[in-house]
Amino acid sequence: MSWIDRVRKALPFQDKRDTPDNLWTKCPSCSEMLFTKEYEENLSVCPRCEHHGRIGADARLDQLLDPGFTVLASPKVKEDPLKFRDQKKYPDRLKAARAANPHPDALTNSAGKIDGHNVVLGVQDFAFMGGSMGMAVGAAFVAGAERAIKDKCAYVICTAAGGARMQEGILSLMQMPKATVAISRLKRAGLPYIVVLTDPTTGGVTASYAMLGDVQIAEPGCLIGFAGQRVIQDTIREKLPEGFQRAEYLLAHGMIDMVVPRKNLKATLASVLDYLGAAQAA
């Protein structure tokens, strides 16, 4: 036995303490290692580079709504209408997504208040099948708009989506005009429709209800677009500008109204609701 083995056996080693796997979070922008608890307390925003991380529906509802809000029931729709199957059956994908998420589909509505202003708030969760827009999302959007009309209040939606849900084919694309009609009903009722664009908002969601708000607000650095940058670049055969399809670029080119950091988002929404409420009353 070598001397180092004798020394090791003589030392009173203790069992290694278990370290939680989620103790640290790595910022995807600057690669800074952050304590997960401190990162979440900072609204999932990196304190070093201000990168706004993606958050779930429940976190978004807690951040924007006053305490005491009510999560609205999700409308029932026919599942797997096309009997779609790729590597997995569509019902199996839905089952896995629901097991990993707190809500039955990608769009969740809640009725509550933002600094005392009555609202219906819809939140898309990118963690649920990429926030994809299917029949359930379309039905939830219409239900949210109808609840806002019933309560005579604004409908605010936070978008986060990779586009239409391919497992539902043309039925998913039909949700685009369906949502547009619901927005028209809100406008005829004289009620505000406010969109908060979060990372990422792409595809058919961008081509419909994400860009039809009375006021368009975006979080810093979020991706907003229809087709992917590589597809556009290969199509037009030109190099795209720096920051193309990011919130700041769209603001500079008049596509959105403001870029608001997450910590200021609730106060900004309250100010917008105050202003639109006064205009509505007039």
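All values reported here derive from a predicted model rather than from experimental measurement. Numbering of residues starts from 1 in every chain and runs along the sequence as written. Residues qualify for local features only when their pLDDT is at least 70, as the model is predicted, and side-chain atom pairs are given and counted only at 80 or more; totals for whole chains, interfaces and linings, by contrast, use all residues. Calculated side-chain values reflect all of the structure's heavy atoms, with hydrogen atoms and water omitted.

**Focus: the pattern of salt bridges**
The condition that has to hold: We count a salt bridge whenever a side-chain nitrogen from Lys or Arg sits within 4 Å of a carboxyl oxygen from Asp or Glu. Think of it this way: any DSSP run of H or I at least four residues long counts as a helix, any run of E at least two long counts as a strand, and we number them from the N terminus.
Tallying each qualifying case throughout the model produces 12 salt bridges. Lys266 serves as the salt-bridge partner of Asp66, at 2.8 Å between the closest nitrogen and oxygen. Taken as a pair, Asp66 in the loop between helix 3 (57–64) and strand 3 (70–71) and Lys266 in helix 11 (residues 262–281) lie far apart in primary sequence, 200 residues in all. A single network of salt bridges, built from pairs that share partners, joins Arg54, Asp199 and Arg246.

**Section: the sheet that holds strand 3**
Sheet strands pair by backbone hydrogen bonding; their relative direction is either parallel or antiparallel. We apply this condition: Strands qualify as paired when DSSP identifies two bridges or more between them. We call two residues in contact when some of their heavy atoms are within 4.5 Å. Axes here mean lines fitted to C-alpha atoms, for a helix over just the part in contact, with angles spanning 0 to 180 degrees between N-to-C directions.
Pairing is mixed in the open sheet, where seven strands are placed in the order 3-4-5-6-7-8-9. Either end of the sheet is taken by a strand with one partner, and the two such strands are strand 3 and strand 9 (258–259). Two elements, strand 7 (residues 193–201) and strand 8 (residues 215–218), share four bridges in a ladder whose sense is parallel. Residue pairing in the sheet places Leu197 in a bridge with Ala218 of strand 8. Helix 5 (residues 135–151) rests against strand 4 (107–114), strand 5 (117–124), strand 6 (154–161) and strand 7 of the sheet, and its axis sits at about 160° to strand 6.

**Things to note about the nonpolar core**
Worth spelling out the cut-off: Throughout, nonpolar core names a set of buried Ala, Val, Leu, Ile, Met, Phe, Trp, Tyr and Cys residues whose side chains join them through atoms within 4.5 Å. Buried residues are those whose accessible area, probed at 1.4 Å on protein chains only, stays under 20% of the maximum for their type, while exposed residues exceed 50% and partly exposed ones sit between those limits.
Phe141, Tyr155, Ile157, Tyr193 and Tyr209 are the most contacted members of the largest nonpolar core, which has 38 residues in total. Elements with a minimum of two residues in this core: helix 4 (90–100), strand 4, helix 5, strand 6, helix 7 (175–188), strand 7 and helix 10 (247–252). Sort the elements by how many residues they give to this core and helix 5 lands first, with six residues. Setting aside residues up to four positions removed in sequence, Phe141 forms contacts with Leu107, Tyr155, Ile157, Ala179, Ala182, Ile183, Tyr193 and Tyr209.

**Let's talk about helix 4**
Short version of the rule: The arc refers to the directions leading from the helix axis to the C-beta atoms.
Tyr90, Leu94 and Ala97 are the residues of helix 4 that are buried. An end-on view of helix 4 places all buried positions within 65° of arc, on one side of the element. Facing away from the buried side of helix 4, by more than 90 degrees, are the exposed residues Lys95, Ala99 and Ala100.

**Quick look at the pairing of strand 6**
Under the convention used in this document: Consider the strands pointing away from the viewer: the crossover is right-handed when the path from the first strand over the helix to the second runs clockwise.
Among the eight residues in strand 6, eight count as buried, and that is most of the element. Side chains of strand 6 alternate between two faces, with Ala154, Val156, Cys158 and Ala160 and Tyr155, Ile157, Thr159 and Ala161 buried alike. Both strand 5 and strand 6 contribute to a ladder of five bridges, which runs parallel. From the neighbouring strand, Val119 faces strand 6, where its bridge partner is Ala154. In this region the chain leaves strand 5, passes through helix 5 and returns to the parallel neighbour strand 6; the handedness of that crossover is right-handed.

**A few points about the packing of helix 5 against helix 7**
Heads up, the rule is: Orientation is classified from the angle alone, with under 35 degrees giving roughly parallel, over 145 giving roughly antiparallel, 65 to 115 giving roughly perpendicular, and any other angle giving oblique. Only Asp, Glu, Lys and Arg are considered charged, only Ala, Val, Leu, Ile, Met, Phe, Trp, Tyr, Cys and Pro nonpolar, and every remaining residue, Gly among them, polar.
At a closest axis distance of 9 Å, the pairing of helix 5 and helix 7 adopts a crossing angle of 5°. Classified by the interaxial angle, the pair formed by helix 5 and helix 7 is roughly parallel. Facing helix 5, whose interface residues are Met135, Gly138, Ala139, Phe141, Val142, Ala145, Glu146, Ala148 and Ile149, helix 7 presents Gln175, Lys178, Ala179, Ala182, Ile183, Arg185 and Leu186. Of the residues belonging to the contact of helix 5 with helix 7, the class tally is 11 nonpolar, two polar and three charged.

**Looking at the packing of aromatic side chains**
Applicable threshold: A pair of Phe, Tyr and Trp rings is counted when the ring centres sit within 6.5 Å of each other, with Trp represented by its six-membered ring. The angle between the planes then sorts it: under 30 degrees is stacked, over 60 is edge-to-face, the rest tilted. Should the NZ of a Lys or the CZ of an Arg lie within 6 Å of a ring centre and within 35 degrees of the ring normal, that charge is described as sitting over the ring.
A full pass over the atoms with the stated rule returns six aromatic pairs. Arg54 extends its terminal NZ or CZ atom over the ring of Phe126, reaching a point 4.6 Å from the ring centre.

**Considerations on the environment of Pro192**
Secondary-structure assignment places Pro192 in the loop between helix 7 and strand 7. C-alpha separation for the pair Pro192 and Lys152, spaced 40 residues apart in sequence, amounts to 9.6 Å.

**Let's talk about a nonpolar patch on the surface**
The condition that has to hold: Think of a patch as exposed residues, more than 30% relative accessible area, with no salt bridge, where like charges cluster within 9 Å and nonpolar side chains (Val, Leu, Ile, Met, Phe, Trp, Tyr) cluster within 5 Å. With residues, only the protein chains shown are counted as cover, and all accessible areas are computed by Shrake-Rupley using a 1.4 Å probe.
Where nonpolar side chains cluster on the molecular surface, the patch consists of Leu23, Trp24, Met33 and Phe35 and spans about 380 Å² of accessible area. Inspection of the secondary structure assignment puts Trp24 in strand 1 (residues 24–26). The class for Trp24 is partly exposed, based on a relative accessible area of 43%.

**Regarding the environment of Gly204**
With respect to the element layout, Gly204 can be found in helix 8 (residues 203–206). Using a relative accessible area of 7% as the deciding quantity, one classes Gly204 as buried. Along the primary structure Gly204 and Pro81 are separated by 123 residues, whereas in three dimensions their C-alpha atoms are 20 Å apart. Sequence-distant contacts of Gly204, that is, excluding residues within four places in its chain, are made with Met133, Gly163, Ala164, Met176 and Phe226.

The values reported here are purely geometric and, on their own, carry no functional implication.
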